[in-house]
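# Observations on the model geometry
Given next are the chains, with one letter for each unit.
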Amino acid sequence: MTNAPQKPLPPGVYVSGLCRGTRVEQIRTQQGPRDRHLIGVEVQVPDGWGGHRSELITIRLSDAQVREGAAGQAQNLVGRHVAISVWIQAWAGQRGAGFSYQMSNGTAILDMEA
């Protein structure tokens, strides 16, 4: 991962790392099948041995964000250090519980190398 210049970020929760692009998953809901749009961000985490390893964090986009061009913006930033404002949604289901990162409404993907 490159050492990107540090920029001050507005207050909030961010996922910051190397943009890996977007993908679309087909999911089934009670209303029928739909597309889920995702952005992948690679982050460095400690490996417990004094080094680091990469993890991929997936960030969900709302349909409105897709219509506004967030997925296209992410594709244009592949390979660059980005910061994405997120909110965290906890959930529980028949197979257990977990959480998802959702891109915050009214925000843009920040190119930290610009």
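Here is a short report on the structure shown in this document. (Residues numbered from 1 in each chain as written. Predicted model: local features only at pLDDT ≥ 70, side-chain atom pairs only at ≥ 80, totals over all residues. Heavy atoms only, no water.)

Bringing the environment of isoleucine 39 into the picture now. Along the chain, isoleucine 39 turns up in strand β2 (residues 32-46). Spatially, the C-alpha atom of isoleucine 39 lies 8.2 Å from that of isoleucine 57, the residues being 18 residues apart in sequence. Other than its neighbours up to four places away in sequence, isoleucine 39 contacts Gly21, Thr22, Ile57, Thr58, Ile59, Leu61, Ala74, Ile84 and Ile109. (Helix = DSSP H or I, 4+ residues; strand = E, 2+ residues; numbered from the N terminus. Contact = heavy atoms within 4.5 Å.)

So, on to the side chain of glutamine 102. Mapped onto the fold, glutamine 102 is located in strand β5 (residues 96-103). In contact with glutamine 102, not counting residues within four places along its chain, are Ile59, Arg60, Ser85, Val86, Trp87 and Gln89.

Now for the nonpolar core. In this structure, Ile39, Val41, Ile59, Ile84 and Ile109 are the most contacted members of the largest nonpolar core, which totals 18 residues. Ranked by the residues each element gives to this core, the list is headed by β2, at four residues. If near-sequence neighbours (up to four positions away) are discounted, isoleucine 109 is found in contact with Ile39, Ala70, Gln73, Ala74, Leu77, Val82, Ala83, Ile84 and Met103. (Core = buried A, V, L, I, M, F, W, Y, C linked by side-chain atoms within 4.5 Å. Buried < 20%, exposed > 50% of the residue type's maximum accessible area, 1.4 Å probe, protein only.)

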